[in-house]
Amino acid sequence: MTGQHRIVVLGAGYAGLAAARRLARTARDARITVVDAHTAFVERIRLHQQASGQRISGWDLRKLLERKGIGFVNARATDIDTAAKRVILDAGGALDYDTLVYALGSSADVQSVPGVAEHAYSVATQEDVSALPMRDGLVAVVGAGSTGIELAAELAESHPGARVLLLGLEDPGAWLSVRAQAHIRRTLERLGVEIRSGAKVLEVTPQGPRLADGSLVEAAATVWTTGFRVPDLAARAGLAVDSDGRVLTDATLRSVSHPDIFAAGDAALVAGPGGRELRMACATALPTGKHAADAVLARMHGRQSQEFRFRYVLQCLSLGRRDGVVQVVRADDAPARTVLTGRTAAWVKERIVRVAAASARP
Ligand SMILES: Cc1cc2nc3c(=O)[nH]c(=O)nc-3n(C[C@H](O)[C@H](O)[C@H](O)COP(=O)(O)OP(=O)(O)OC[C@H]3O[C@@H](n4cnc5c(N)ncnc54)[C@H](O)[C@@H]3O)c2cc1C
């Protein structure tokens, strides 16, 4: 040990990289190491594009991080020994830390409905998308949330003539304003996506999803997009977590049970406007990552950490490459009246996606 403060950042997604980048700029007296199972940055918010056959190139993590004086370890973290302050890695190695930033993100929730893990595809991680083949016959996209909507639109636009069915409990975009919902429906229909709302999937079979009314939707492929789940590493290591395994944080994003650990992004439970938990999003991962870095620095230098403050501004959905919806929202994420649609919205969304990647890039 050199006497330098050792900061280990677990996860090189939006939150982890935003934290590392901020730390490298300001914590010159620390040794920062980022750990990730991938060698290249995964631009998760473009995975629906990749799933429909578009090439998205990720940048080399080691090259960019090391150029900024940040260490990079390409490994999977399998455990955290919080007493010894050590992260255990899959390759048999281990990394000691003085402060840990936990930002391991999320993956598709494939456990809550029988058959999903065995018979459905998903688009939540790079591995999921690499495994998604396009084939003749119906593609049933389950979940009419933003991932399901964006994926259905992208598949239909990239594969004209393909049959894409969007199955959801509610209408697509039900949480948005009436105008936004109407535009989403119109655009999906224009792209040829079939929409079935009020459809509760109880099981996924090799033949397709089986619904609560007993009927089977015969599909060549079922894609599951109904939600994310977080790694169980924090729970296994004894950190205080919620029932989903997200790290419980205080107002400065520090673990409520382990003062040397800070958490950000999808894997952290963070209180947002009105005390409501922040939703899992790139839009929340970036600011929580930056704030966790500020809190680490404040603690290292004996200063009082600021409380995390956040307000939502926009919700942006792409509907293929040439259309979209930009919904202006209130501080608490509730939709306001203003909505942009069409090419302008597609342009805004593309700019935001680029800015998000640039904000994470060291
Ligand atoms: C198709 C799709 C579209 C989306 N669109 C939007 C959008 O338009 N707007 C928006 O705000 N959000 C969007 N999201 C959500 C957004 O991608 C996530 O909320 C965001 O990526 C979370 O960032 P994160 O840094 O917490 O985690 P991630 O980006 O998931 O990064 C976590 C990192 O941790 C690594 N990791 C995980 N476990 C381990 C381990 N044990 N050891 C080592 N490394 C590990 C992973 O390899 C990964 O690099 C979308 C998601 C998907 C799937």
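What you see is a predicted model, and the numbers here were worked out from it, not measured in a lab.

Thoughts on a positive patch on the surface
Right, on to step 1. A grouping of Arg 25, Lys 63, Arg 67, Lys 68 and Arg 361 is seen on the molecular surface, where their side chains present a positively charged patch.
Right, on to step 2. You can see Arg 25 is positioned in helix α1 (residues 14-26).

A look at the site of the ligand
Right, on to step 1. Neighbouring the ligand are 31 residues; Ala 15, Asp 36, His 38, Arg 44 and Lys 349 lie closest to it.
Right, on to step 2. Take Tyr 14: an N or O atom from its main chain is 3.0 Å from an oxygen atom of the ligand.
Right, on to step 3. His 38 places a side-chain nitrogen or oxygen 2.8 Å from an oxygen atom of the ligand.
Right, on to step 4. Taking 990 Å² as the accessible area of the ligand by itself, protein coverage stands at 90%.
Right, on to step 5. A per-element tally of the shell around the ligand places helix α9 (residues 282-300) first, with 3 residues.
Right, on to step 6. A per-class count over the shell around the ligand returns 17 nonpolar, 8 polar and 6 charged.
Right, on to step 7. No fewer than three residues from each of domain 1 (5-106 + 230-300) and domain 2 (116-227 + 312-360) sit in the shell around the ligand.

Details of the domain arrangement of the protein chain
Right, on to step 1. One can read the domain layout of the protein chain as domain 1 (5-106 + 230-300) and domain 2 (116-227 + 312-360).
Right, on to step 2. Spacing between the C-alpha centres of domain 1 and domain 2 amounts to 27 Å.
Right, on to step 3. Approximately 2300 Å² of surface area, both sides summed, lies buried where domain 1 meets domain 2, with 55% of it carried by carbon and sulfur atoms.
Right, on to step 4. Connecting domain 1 to domain 2 are 2 salt bridges.
Right, on to step 5. Along the contact surface separating domain 1 from domain 2 lie 10 residue pairs in polar contact (both at pLDDT 80 or more).
Right, on to step 6. For the side of domain 1 that touches domain 2, the elements supplying multiple residues, two or more each, are α1, α2 (47-51) and α9.
Right, on to step 7. When residues in the side of domain 1 that touches domain 2 are grouped by element, the largest group, 5 residues, is from α2.

Topic: the packing of aromatic side chains
Right, on to step 1. As enumerated under the stated definition, the model contains 4 aromatic pairs in all.
Right, on to step 2. Plain terms: the ring middles of Tyr 14 and Phe 41 are 5.2 Å apart, the flat faces sit at 85 degrees to each other, and that makes the pair edge-to-face. Here the residue Tyr 14 occupies a position in helix α1, and Phe 41 occupies one in the loop between β2 (30-36) and α2, the gap between them amounting to 27 residues.
Right, on to step 3. Exposure remark for Phe 41: the relative accessible area of 3% places this residue in the buried category.
Right, on to step 4. For the ring pair Phe 41 and Trp 59, a centre distance of 4.5 Å and an interplane angle of 15 degrees mean the geometry is stacked. Within this pair, whereas Phe 41 is found in the loop between β2 and α2, its partner Trp 59 is found in the loop between α2 and α3 (61-67), the two being separated by 18 residues in sequence.

Looking at the pairing of strand β5 (residues 86-89)
Right, on to step 1. By the alternation rule, side chains of β5 split into Val 87 and Leu 89, which are all buried, and Arg 86 and Ile 88, of which none is buried.
Right, on to step 2. In this sheet, β5 lies alongside strand β4 (residues 77-81) in antiparallel orientation, the contact comprising 4 bridges. Residue pairing across strands places Asp 79 opposite Ile 88, the latter belonging to β5.
Right, on to step 3. In this structure, β5 lies alongside strand β6 (residues 94-96), joined through 3 bridges in antiparallel fashion. In the strand pairing of β6, Ile 88 is matched with Ala 94.

What about the nonpolar core?
Nonpolar side chains in soluble globular proteins tend to end up buried together.
Right, on to step 1. Of all hydrophobic cores here, the largest spans 64 residues; its most connected members are Leu 10, Leu 23, Val 87 and Tyr 102.
Right, on to step 2. Domain assignment of the residues forming this core places at least three in each of domain 1 (5-106 + 230-300) and domain 2 (116-227 + 312-360).
Right, on to step 3. Other than its neighbours up to four places away in sequence, Leu 10 contacts Val 35, Ala 77, Ile 80, Val 87, Leu 100, Val 101, Tyr 102, Ala 103, Leu 104 and Leu 233.
Right, on to step 4. Counting residues in hydrophobic clusters, the runner-up holds 28 residues, among them Val 42, Val 164, Val 223 and Val 325.

A word on helix α10 (residues 342-360)
Right, on to step 1. Relative to the 27 Å expected for 19 residues at 1.5 Å per residue, α10 spans 28 Å between its end C-alpha atoms, a close match to the ideal helical length.
Right, on to step 2. Along α10, the positions that sit buried rather than exposed are Gly 342, Ala 345, Ala 346, Val 348, Lys 349, Glu 350, Val 353, Ala 356, Ala 357, Ser 359 and Ala 360.

Digging into the pattern of salt bridges
Right, on to step 1. Applying the stated criterion to the full structure yields 22 salt bridges.
Right, on to step 2. In this structure, the salt-bridge partner of Arg 46 is Glu 43, at a minimum N-O distance of 3.0 Å. The same class applies to Arg 46 as to Glu 43, namely buried.
Right, on to step 3. Between Arg 190 and Asp 323 there is a salt bridge; the shortest N-O distance is 3.0 Å. Taken together, the positions of Arg 190 in helix α7 (residues 178-190) and Asp 323 in the loop between β20 (314-318) and β21 (324-329) put the pair 133 residues apart, joining distant regions of the chain.

Considering the packing of α1 against α10
Right, on to step 1. At a minimum axis distance of 7 Å, the contact between α1 and α10 shows a crossing angle of 50 degrees. The orientation of α1 with respect to α10, classified from their angle, is oblique. Note on element contacts: α10 touches α1 through Ala 356, Ala 357, Ala 358, Ser 359 and Ala 360, opposite Tyr 14, Leu 17 and Arg 21.
Right, on to step 2. Taken together, the residues of the contact of α1 with α10 sort by class into 6 nonpolar, 1 polar and 1 charged.

Procedures and definitions
- Residues numbered from 1 in each chain as written.
- Predicted model: local features only at pLDDT ≥ 70, side-chain atom pairs only at ≥ 80, totals over all residues.
- Heavy atoms only, no water.
- Patch = residues over 30% accessible without salt bridge, like charges linked within 9 Å, V, L, I, M, F, W, Y side chains within 5 Å.
- Areas by Shrake-Rupley, 256 points an atom, 1.4 Å probe, with all protein chains shown as cover.
- Salt bridge = Lys/Arg side-chain N within 4 Å of Asp/Glu carboxyl O.
- Lys, Arg positive; Asp, Glu negative; His and termini not counted.
- Charge placed at Lys NZ, Arg CZ, Asp CG, Glu CD.
- Helix = DSSP H or I, 4+ residues; strand = E, 2+ residues; numbered from the N terminus.
- Near = heavy atom within 4 Å.
- Polar contact = N/O pair within 3.5 Å; in protein donor to acceptor, adjacent residues only side chain to side chain.
- Nonpolar A, V, L, I, M, F, W, Y, C, P; charged D, E, K, R; others polar.
- Domains from an automatic or database assignment.
- Buried area = accessible area lost by both parts, 1.4 Å probe.
- Phe/Tyr/Trp six-rings, centres within 6.5 Å; stacked < 30°, edge-to-face > 60°.
- Buried < 20%, exposed > 50% of the residue type's maximum accessible area, 1.4 Å probe, protein only.
- Pairing = 2+ DSSP bridges.
- Core = buried A, V, L, I, M, F, W, Y, C linked by side-chain atoms within 4.5 Å.
- Contact = heavy atoms within 4.5 Å.
- Expected span 1.5 Å × (residues − 1).
- Axes fitted to C-alpha atoms, helices over the stretch in contact; angles between N-to-C directions.
- Parallel < 35°, antiparallel > 145°, perpendicular 65-115°, else oblique.

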